[in-house]
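Given next are the chains, with one letter for each unit.
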Amino acid sequence: MLRPSPAPGPALRSVLAALGSPTAVREARTPALRSAQGPLSPELPLPVHVLDVRDQAVPPGQAPRTRLAGWRFLIRGTDRAVAAADTMLTPDGWSFSHFFEGPYVTATERALLHAETLPTPYQPRLLSVPQLYMLTLWLHGDTEADGASADLDPADLLVPLAPAPPGIAAHRPHRVADLLPVLTLRLASPPPLLGTPAPAA
C-alpha cells in the first residue's frame, strides 16, 4: 500500500493554473494532453530526487543522500494518466515547469499500481540517476517522513522504470543495498566505444 507525502500547496496550485491555461496546454509538446476528452486532474504527487553516486564517499552499510529536484504530478484523464507535470523550486517558491508525456508516464503509473498491492506500506517517490539515464520508483519505508527528505535507506525499494538501462530489469523491485553497488559499478566502468576490441575473457 502507498502513503504519498502531500505536495507543497504552491506546487499543486501552479499545476492547476497551468491546466486551466489554454496557452500552457496548447504550447506543451503533449498531443495526448491536448486531445484528452473530459476533465483533467493532477494526482499522485511524487517528489523527484536526484542521486549522483559518483560524487559521494559513502561509508559501508550506508546509502548516499539525494537531492530534491522537484515535484511531479500525473495528469489523469477519464481512465488513465495521459501526461505528467513537473514543478521546480524558484526564488519565489514552487512553480510549474512543464508538461510531458511518453513511456515514463505509463511506466510510473504501472509501477504505482503494482506497489499498491504490496503488503508493506511505503511512501512513493521518484529517484533519477542522470548519469545512467535511469528513473526509478523509490518506495521509502518511513511513510511519515517529509517527502523532501534526502534519506535513502538501504532497506528501501527501487523499481527501475521502463526504459531501463541495458542489463537492469524494468519493473523489478530491488533493495537499495542490492542495486546501488550495481549502479556504482556501471558508472565506474563505462561501455567500450564502438570499434574498440572487446576485453579478453
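Residues take numbers from 1 onward in each chain, read along the sequence in its written order. Given that the model is predicted, a residue must reach a pLDDT of at least 70 before its local features are reported, and side-chain atom pairs must reach 80 or more before they are shown or counted; all residues, however, enter totals for whole chains, interfaces and linings. Here the side-chain values reflect all heavy atoms present in the structure, with hydrogen atoms and water set aside.

Novice: What am I meant to see in the overall build of the chain here?
Specialist: Secondary structure follows DSSP: runs of H or I at least 4 residues long count as helices, runs of E at least 2 residues long count as strands, and numbering of each begins at the N terminus. The helix and strand inventory of the chain stands at 5 helices and 8 strands. Traced from its N-terminal end to its C-terminal end, the chain shows the element sequence α-α-α-β-β-β-β-α-β-β-β-β-α. When each of the 201 residues of the chain is scored for burial, the buried share is 42%. Contacts are assigned to residue pairs that have any heavy atoms within 4.5 Å of one another. For the chain, the proportion of contacts with a sequence separation of at least 24, taken over those separated by at least 6, is 55%. Carbon and sulfur atoms form 58% of the exposed surface of the chain, whose accessible area is close to 10900 Å². Accessibility here uses a 1.4 Å probe with only protein chains present; expressed as a share of the type maximum, an area under 20% marks a residue as buried, one over 50% as exposed, and anything in between as partly exposed. We get accessible surface area from the Shrake-Rupley algorithm with a probe of 1.4 Å; when it comes to residues, only the shown protein chains can shield them.

Novice: How do you make sense of the sheet that holds strand S1 (residues 41-50) when you look at a structure like this?
Specialist: Strands belonging to one sheet form pairs held by backbone hydrogen bonds; the direction of such a pair is parallel or antiparallel. Strands qualify as paired when DSSP identifies two bridges or more between them. Spatial ordering of the open sheet is given by S4-S3-S2-S1-S5-S6-S7-S8, a layout of 8 strands whose pairing is mixed. The strands lining the two open edges of the sheet, one partner per strand, are strand S4 (93-100) and strand S8 (174-175). As defined by bridge partners, strand S7 (residues 157-160) adjoins S8 across 2 bridges and the pair is classed as antiparallel. Counterpart to Leu 158 in the pairing with S8 is His 174.

Novice: Whenever I open this one, helix H4 (residues 103-115) confuses me. Can you help?
Specialist: Side chains that are three or four residues apart share a direction in an α-helix, a result of its 3.6 residues per turn. Taking 1.5 Å of rise per residue, 13 residues should cover 18 Å, and H4 covers 18 Å from first to last C-alpha, within 8% of that figure. Listing the buried residues of H4 in full gives Val 105, Ala 107, Thr 108, Glu 109, Ala 111, Leu 112 and Ala 115. Each residue after the first adds 1.5 Å to the expected span of a helix.

Novice: Can you help me understand the packing of aromatic side chains in this one?
Specialist: Any aromatic ring pair is given by two values, namely how distant the centres are and how the planes are angled relative to each other. Ring pairs shown here join Phe, Tyr and Trp side chains whose ring centres sit within 6.5 Å, with only the six-membered ring taken for Trp; geometry is labelled stacked below 30 degrees between planes, edge-to-face above 60, and tilted in between. Within the structure shown, the criterion is met by 1 aromatic pair. With 4.7 Å between their ring centres and 50° between their planes, Phe 96 and Phe 99 make a pair best called tilted. Side by side, Phe 96 and Phe 99 carry an identical accessibility label, which is buried. The residue whose ring lies beneath Arg 125 is Trp 138, and the NZ or CZ to ring-centre distance is 4.6 Å. As a reminder, the over-ring test applies to NZ of lysine and CZ of arginine, requiring each to be within 6 Å of the ring centre and within 35 degrees of the ring normal.

Novice: How should I be thinking about the environment of Arg 110 in this particular structure?
Specialist: Locating Arg 110 in the fold gives a position in helix H4. The class for Arg 110 is exposed, based on a relative accessible area of 53%.

Novice: How should helix H5 (residues 176-188) be read in this particular structure?
Specialist: Helix length check: H5, at 13 residues, gives a terminal C-alpha distance of 18 Å against a target of 18 Å (1.5 Å per residue), a fit within 8%. Every buried residue of H5 is accounted for by Val 176, Leu 179, Leu 180, Leu 183 and Leu 187. In an axial view of H5, the angular spread of the buried residues amounts to 105°, which keeps them on one side of the axis. In H5, the exposed positions angled more than 90 degrees off the buried face are occupied by Leu 185 and Ala 188. On its buried side, H5 packs onto strand S5 (123-129), strand S6 (134-140), S7 and S8. The directions considered for the arc run from the helix axis to the C-beta atoms.

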